[in-house]
Structure formats: C-alpha cells, structure tokens
Amino acid sequence: MTAELVRGQNHPLDRTRVEIRIAAGGPVVAGVTLAGERGDLAGAEAVAHPGAPRRDGVEVPRQAAAEHRIAVDLDAVPAAVHRVSVLLALPVGIGGPAVFGAAAAPFVAVTGLDGRELASYTLVDLDAETAVVAVELYRRQGAWKVRAVGQGYAGGLAALLQDQGLPQATGTGLASEIQAAVRSGHARSVPVPTASPGPSPSRNPAAPSGPAVSRNPAAPSGPAASSDSAASSDPAVPLAPAASPGPVDYRHPKRRTSPPQPRQDVPAAPSPTPATPAPTPAPPLASTPTAPPPGEARPAGPVAGDAAGRTPEERLYNQVWGMFEDLSRTVAAYRSAMDFAQSRLAKELDTVNADPRNRMGAAAEAARAAAHDKHARLAAQAREVLDRDLAQLTAEAEVVEPALPPAFAAWSSPVWQGYRPPEEYPTAVRLGDLRLPECPDLRIPMLVRLPMNRGLWIDSGRPETFAGAETADGAFGSGFDLDGLEGIDGLGGGPDGTEPLDAAEVRRRAVDTAVTLAARLLAVHPVGELTVHVIDPAGSAAPALAPLLETGALREPPAAGAQGVTAVLGELTRRVDLVQMAVRNQAAEALPPDLDTAEQLLIVHDFPHGFDDRAVNQLRYLADEGPSVGVHLLMVADRTEAREYGPVLDPLWRSLLRVTPVPDAHLADPWVGHAWTYEPSRVPDGSRVLRKVLGDLAEARRSQGHSRTRER
C-alpha cells in the first residue's frame with residue numbers, strides 16, 4: 001500500500017530503479033541534484049535540469065509542464081552521491097502562476113517501473129515560494145529511503161542552488177541557464193502518456209476528473225474502484241460531493257507483514273499484485289483477531305532481531321533504532337494530522353464568518369456544524385491510525401525487550417540472572433528509556449554507541465530547575481545514530497510525575513544513577529578493560545558508592561579534598577597527553593610501562609566543591625579531549641551551584657549529554673519537534689542484581705589474574 005507522507009517523514013525503498021511522477025496546478029520545471037553525504041553539491045555538473053537533462057543515474061524532462069516523469073536508477077549514481085533531491089521551480093516568461101501559493105498544491109509520487117506507487121507527498125502550505133525541494137532519496141546504512149522535504153525558496157532557483165552548496169555566482173548562473181533553456185525552446189515536447197487500464201498515479205489537480213473515489217476503508221469497493229482519488233484534499237480545490245476523507249496510511253514500512261525470509265544479498269522480487277480488489281484493511285492489533293479472507297496469509301507477528309546486521313546484537317540494536325524512528329514518525333504524523341484538522345476547521349469557520357450578511361441564519365449554522373463534524377472525523381481518523389500503529393509497536397516491544405542482551409537490557413530483565421562477563425565490546429549501552437506523551441506506556445530503550453564520544457552529566461539540581469531552566473540536549477541522537485539529530489539545542493520540559501521531591505532526594509537519586517550507570521559500563525566491558533575513578537571532595541557519596549568499593553570495582557578509594565582532586569585530574573590529564581602523542585606519532589610502543597591502557601571512567605560528585613581554577617580547566621580538557629583516547633567523564637552536578645564561574649563553564653555543560661535522576665522531558669528531536677521524556681535506568685526496589693553483577697565481575701577478575709592494583 002502507498003505510504004502517504006507528511007513533511008519530514010521517510011519511507012524505505014525496496015528497489016533502486018524508480019520513477020518520480022509529478023503533478024502540479026500549472027507548468028513547473030523539474031530537476032534533480034546529486035549531493036554528497038553532507039548535502040553539498042560538487043558543482044553545476046551535479047544538477048540535472050532541462051538544459052542538461054542526463055546525469056549518471058537520472059534523467060529529467062526537457063520542458064516545463066504540469067506533469068513530469070523523472071527516471072532514477074540509484075545503482076547507477078556515483079558512489080559519492082548520498083542524496084538525490086527532486087526540485088521544482090516555476091518557469092519565467094512562459095506564463096503560469098507567479099508563486100506556488102497561487103496554484104493547486106503539487107503532488108509527487110515515487111513509483112516502481114510497473115507504475116505502482118511506493119510513496120507520495122502533497123506539498124501543502126506553499127505561499128510565496130517560486131522553487132522548492134520536494135522530496136529526496138537518500139542513502140542510509142547501504143539502503144535507500146525517500147523523505148518528504150517540502151523546503152521552499154522565495155528567492156527562486158538561485159537561492160535553492162546556493163542553499164545546496166553552490167557558490168552564489170555558480171548558482172545564479174545555473175538558474176539563469178535553466179530558465180533560458182525553458183524559454184528558448186531547447187526542451188522537446190513529450191506527449192502525455194496514454195491511460196492504462198490500471199489505476200493511474202497521476203493526481204493533477206488541474207486536470208478534469210471523473211467521479212471521485214473514496215479512500216475510506218469503510219466505503220464499498222468494486223472491481224472498477226481505483227486506489228487513487230482524482231480529487232485533492234486541499235480546501236482550495238473543489239471536491240466532488242461523493243468524496244469523503246479517508247485514512248492516510250502511516251503503517252510502519254519497516255515492520256514486516258509476512259513471515260521473515262532467509263536474508264539474501266539481493267532483495268527478493270515483490271509478489272505479483274492480485275487482480276481482485278484489495279480487502280478492507282485489517283483492524284488494529286489491539287482488537288480481537290479475525291480470520292483472514294480466503295487465499296490470504298495471516299500477517300506474522302513481530303520477531304526479535306528482525307533487522308539488518310551482521311551479528312544478533314547489531315540486529316537488535318538496529319531494530320530498537322527502527323522502533324525509535326517509527327514511533328517518532330508515527331507521533332509526528334498524528335500531530336501533523338491534528339494540526340491540519342484544526343487549521344482546516346479554522347479556515348472553514350473564517351470562510352463562514354467572512355461575510356457579515358451570512359453569519360446568521362440556518363445556512364451559517366449548518367456550515368459551522370458541518371465544519372465541526374469534519375474536524376471530528378479527521379481527528380478520530382488520526383487517532384485510529386495512531387492507536388493501530390502504537391499497538392503494533394507495543395507488540396514488537398513486548399517481543400524485543402526480553403531478547404535484549406545485558407548491554408541493552410533493563411535491570412529487571414531475567415538476562416542479568418545468567419550474566420557472564422563479556423569477552424568483546426558491545427555495540428552500545430542502555431542509558432535509560434525514552435517515551436512520548438501520546439503513548440506513556442510505550443518505552444524505547446535509549447542506546448548509545450560505544451565507545452561514547454561525549455561524557456555524561458547527571459543533573460542533581462533542584463526539581464524546579466528541570467522546568468526549562470536548562471538547555472535540552474538534541475545531540476543524543478548522534479549517539480543513537482539518528483538522521484538529522486546532531487547538535488541541536490532546545491528548551492527542557494518539566495519533571496514528570498506528581499510525587500514531590502525535595503532537593504536532598506534528587507541529589508540521592510543522582511548519585512544512585514551515577515553508580516548504576518558505572519556498574520552497567522563495567523558489566524558490558526571485558527574484564528579489566530574499564531577502570532573507574534571517583535572524585536568525592538566532601539565524601540558525601542560514600543553510602544551510594546559502597547557496592548563499587550566492596551566488590552573491588554573501585555581500585556582506589558574516592559579522592560577527597562583538594563589534594564585528591566588534583567592528584568586524580570593530574571593523572572588522567574597526563575594519560576590523555578601521552579596517548580595523544582603516541583597516536584599522532586604512531587608510537588604506541590613508546591608509552592610508559594606503568595600507563596593503564598584500559599578505558600577510564602571518571603565519576604565527579606558534587607562539582608564544583610573542591611575545585612580550583614586549575615582543576616576546572618583540567619576537567620574541561622578531559623571533557624573535550626578525553627573521549628577520543630578512552631577517558632570518559634560522568635559528572636553529578638547542579639549547574640546553579642557553579643554560577644560563580646560564569647560563562648567559563650558553558651562549553652563544559654554543552655560538551656556533556658545531560659540526563660536526569662527523575663523522568664524529565666528534556667531531550668529534543670529537532671527534525672520532527674518532539675521533546676522526549678528520559679527515564680533513568682534504575683534497579684528494582686529490593687533487588688540485589690547490581691551487587692550480583694559486580695560480584696561476578698570481581699570473581700572474573702580474580703580468576704583472570706586481575707587485582708585492585710593493576711599488574712604492569
């Protein structure tokens with residue numbers, strides 16, 4: 001079934017030879033840009049346009065028209081190309097609308113060579129733009145996806161090309177060349193394709209249409225019913241009286257609906273489409289299952305590890321990542337649908353109230369009632385789709401969670417009862433859980449790649465500081481390996497839950513969270529490959545650190561006082577300097593024999609107490625330079641207590657991934673605008689699993705000859 005995308009959504013492609021079909025309300029110029037991994041163009045030769053319609057792997061039309069077909073062979077594009085963007089522009093000097101807002105919304109469909117739609121996108125909300133990037137096909141982990149972009153430019157083609165990375169002179173000259181090619185008649189005429197017996201993917205709003213076909217699954221379908229409606233859902237386009245809004249398909253394309261097949265290097269060919277009409281869509285997973293129609297296979301349930309990857313652990317990591325992406329896309333689609341329903345209601349009510357002569361009377365009341373009814377139907381339809389997708393994701397989470405290895409599993413998982421120290425480094429480690437307000441019971445494990453490329457900051461501030469006093473951390477997505485989530489800041493949310501917590505309880509939970517994270521990092525590293533240091537100037541964290549001390553996970557007692565702080569920071573700073581010099585000069589054999597080559601984790605409690613200016617500078621140095629040479633920082637701190645340092649510490653806070661000891665909506669997702677609620681990974685009350693794991697590690701160290709004093 002076609003995936004109808006909204007802005008920002010993506011959809012995987014199961015083939016590399018596709019057609020991009022475009023239908024607009026007037027003549028448009030179509031082109032394609034071939035960009036690298038960062039989205040930059042190598043030059044004018046990376047643009048296919050009417051004056052140069054052929055580039056490696058793509059061919060665009062030579063004319064401006066209301067309908068276009070662009071041929072794309074993703075296997076034939078250069079290896080350096082990671083983004084294939086489809087751009088539309090209004091021609092200059094041949095007539096037609098002056099801006100996109102003056103015509104019906106353009107429609108773009110990605111189809112197979114057989115004409116079957118794979119994904120579609122209607123570019124709504126365009127106004128003064130004269131050029132737009134409609135969709136992009138992008139390479140992700142060796143596979144291709146399509147994303148609905150909808151980025152418009154009032155400055156026209158020149159502004160678009162400059163934004164794609166071309167110099168101003170090159171972009172302006174190329175834009176003029178494209179418009180000149182259209183005006184001068186270089187483009188050849190392409191006849192309109194003849195109608196085929198099957199359903200047509202064309203949705204040209206300007207073309208005369210026959211009777212509208214409802215997309216509502218409740219509507220009866222017959223052999224002659226088409227899967228595509230000729231009518232537009234845009235309020236500016238007249239709708240046939242019989243047409244009714246139908247559900248938008250937001251089903252997760254990455255979730256399989258048939259039993260998993262053996263993995264092959266070459267994708268299996270799609271099964272032939274039956275000639276009989278499609279059956280009514282199945283109800284949500286949460287409903288009572290019914291027997292499938294004769295001749296159809298029952299959809300298979302979710303399977304743990306049902307993702308790409310070379311090892312079971314990597315497949316589970318990719319599956320969790322896919323669940324995160326699916327939940328993000330599903331909720332974004334729901335919010336977009338609700339925003340559309342609300343804006344449509346407001347627009348229709350404004351239309352009724354625009355003329356003072358028609359504000360009163362039975363006709364006005366009927367129009368208002370119809371607008372509210374339409375809004376209620378759209379809202380119910382969006383909620384139905386959301387509930388269906390959430391039920392599917394919940395079923396998958398119930399299967400995946402028990403199958404996760406210790407590095408990915410919650411502390412309540414039975415996998416910890418059979419824990420054995422690993423012999424290899426894991427792919428990632430679980431820092432906690434993520435959830436959204438639309439589905440508070442569905443939690444996605446927050447997995448961060450190892451080795452970590454940044455330190456952690458556990459915010460021990462007063463509960464009221466969680467309500468937007470700090471900046472949100474959008475860069476957690478770079479550790480989770482997500483598209484478009486690098487280095488974005490936003491506003492934090494408030495504390496989650498109604499139980500009031502005083503400052504002392506928040507501090508206690510913060511140090512408990514630090515010990516829990518340290519124990520997990522120790523448990524997922526091979527024995528002897530992670531050394532933990534603790535700076536506790538006042539000694540106030542001693543009760544929480546007892547499990548690490550009693551099991552020998554801490555080789556030395558926590559450093560106390562100013563002298564202890566200076567000694568530990570000096571040792572780790574020296575290690576960073578020596579390893580960096582050895583790496584730069586490729587002289588690892590020249591490292592001192594007493595240097596601990598294991599990964600280092602420094603836990604700093606109650607910062608900035610006990611730190612002078614020199615110690616603060618050393619800490620900043622470790623936060624910036626340490627991760628690249630295996631020195632990682634885990635800070636427990638209240639930012640408000642370090643205000644005396646002013647902006648000097650701002651780079652330190654920005655360099656660390658902020659987590660909280662209580663649930664808090666502070667992790668920002670800039671691509672779709674979500675604020676994810678983070679929940680720390682806690683050991684269940686009364687459980688001794690943490691001490692058991694640390695005890696198993698101590699026994700393994702003894703059996704392998706490791707001691708509290710590392711042998712040199």
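Within every chain, residues take consecutive numbers counted from 1 along the sequence as written. With the structure being a predicted model, the display of local features is reserved for residues of pLDDT at least 70 and the display and counting of side-chain atom pairs for 80 or more, all residues being used for whole-chain, interface and lining totals. Each side-chain value is derived from all of the structure's non-hydrogen atoms; neither hydrogens nor water enter the calculation.

*Asks:* Would you mind going over the environment of Val 135 with me for this structure?
*Replies:* Mapping Val 135 onto the fold places it in strand S11 (residues 131-140). Only protein chains enter the accessibility calculation, which uses a 1.4 Å probe; a residue is then buried when its area is under 20% of its type maximum, exposed when over 50%, and partly exposed in between. Among the residues examined, Val 135 registers a relative accessible area of 2% and is labelled buried. Not counting residues up to four positions away in its chain, the partners in contact with Val 135 are Val 84, Ser 85, Val 86, Val 108, Tyr 121, Val 146, Arg 147, Ala 148 and Val 149. Helix and strand assignments come from DSSP, with helices taken as H or I runs of at least 4 residues and strands as E runs of at least 2, each series counted from the N terminus. Any pair of residues with heavy atoms lying within 4.5 Å of one another is described as a contacting pair.

*Asks:* Honestly, the pairing of strand S12 (residues 143-153) in this entry has me stumped. Any pointers?
*Replies:* Side chains on a regular strand alternate between the two faces of the sheet. For S12, the buried fraction is high: nine of the eleven residues fall into the buried class. Pairing between two strands requires that DSSP report at least two bridges joining them. As paired elements, strand S2 (residues 10-12) and S12 share three bridges and run antiparallel to each other. In the strand pairing of S12, Pro 12 is matched with Lys 145. When S11 meets S12, the two strands line up antiparallel, connected through nine bridges. Paired with Tyr 138 across the two strands is Lys 145, which belongs to S12. In textbook terms, the turn of a hairpin is the stretch between consecutive antiparallel strands, and for S11 and S12 this stretch comprises two residues, one of which, Gln 141, has a positive phi near 50 degrees.

*Asks:* Help me understand the sheet that holds strand S21 (residues 657-659), please; the structure alone is not making it clear to me.
*Replies:* Picture the strands of a sheet paired through backbone hydrogen bonds; they go either parallel or antiparallel. Strand order in the open sheet formed by five strands is S18-S19-S20-S15-S21, and the pairing between neighbours is parallel. The open sheet has two free edges, formed respectively by strand S18 (530-535) and S21, since each of these has just one partner strand. When strand polarity is set aside, the average angle formed by the axes of neighbouring strands in this sheet is 20 degrees. Of the pairings in the sheet, the one linking S18 to strand S19 (residues 599-607) comprises six bridges and is parallel in character. The partner of Leu 530 across the bridge, within S19, is Glu 599. With respect to the sheet, helix H6 (residues 503-524) is in contact with strand S15 (456-459), S18, S19 and strand S20 (631-637), its orientation differing from that of S19 by roughly 175 degrees. Axis definition: a line fitted to C-alpha atoms, over the contacting stretch in the case of helices. Angles run 0 to 180 degrees between N-to-C directions.

*Asks:* Please clarify how the packing of aromatic side chains should be interpreted in this entry.
*Replies:* Each aromatic ring pair is specified by the distance between its two centres and by the angle formed by the two planes. Working definition: rings of Phe, Tyr and Trp (its six-membered ring) pair if their centres are within 6.5 Å, and the pair is stacked with planes under 30 degrees apart, edge-to-face with planes over 60 apart, and tilted otherwise. Per the counting criterion, the structure on display carries seven aromatic pairs. For the ring pair Trp 457 and Trp 653, a centre distance of 4.6 Å and an interplane angle of 45 degrees mean the geometry is tilted. In this pair, Trp 457 sits in strand S15 while Trp 653 sits in helix H10 (residues 650-655), placing the two residues 196 residues apart along the sequence. In this structure, Trp 457 and Trp 653 share a single accessibility class: buried. Their ring planes at 75 degrees and their centres at 6.2 Å tell us that Phe 607 and Trp 653 sit as a pair that is edge-to-face.

*Asks:* Honestly, the sheet that holds strand S22 (residues 664-669) in this entry has me stumped. Any pointers?
*Replies:* Strands sit in the order S14-S13-S23-S22 across an open sheet of four strands; the sheet is antiparallel. The outermost strands of the open sheet, each flanked by one partner alone, are strand S14 (444-449) and S22. Going from strand to strand, the sheet's axes swing by 50 degrees on average, the running direction of each strand aside. Its contacts with the sheet place helix H3 (residues 312-354) against strand S13 (428-435), S14, S22 and strand S23 (674-680), and it is angled at close to 125 degrees to S14. Of the strands in this sheet, S13 and S23 touch H6, which is tilted by about 140 degrees from S13.

*Asks:* Just checking my understanding: could you explain the confidence of the model for the protein chain for this structure?
*Replies:* Close inspection of predicted coordinates is inappropriate in any region flagged by low pLDDT. Known as pLDDT, the predictor's per-residue confidence is scaled from 0 to 100. Summary statistics for the protein chain give a mean pLDDT of 79 and a share of 77% for residues scoring 70 or more. Of the regions scoring below 50 in pLDDT, residues 467-498 engages in 93 contacts with residues more than four places distant in sequence or in other chains. Below a pLDDT of 50 lies the segment residues 707-712, which in the model reaches 16 contacts outside its immediate sequence neighbourhood of four places, other chains included.

*Asks:* Can you help me understand the side chain of Thr 33 in this one?
*Replies:* Along the chain, Thr 33 falls in strand S3 (residues 17-35). Taking relative accessible area as the criterion, Thr 33 reaches 0% and is therefore assigned buried. Among the polar contacts made by the side chain of Thr 33, one reaches the side chain of Gln 164 at a distance of 3.0 Å. Excluding residues that lie within four positions of it along the chain, Thr 33 makes contacts with Leu 41, Ala 46, Val 47, Arg 83, Val 84, Ser 85, Leu 87, Leu 161 and Gln 164. Polar contact criterion, stated in full: a pair of N or O atoms within 3.5 Å, where within protein one must be able to donate a hydrogen and the other to accept it, and residues adjacent in sequence count only if both atoms are side-chain atoms.

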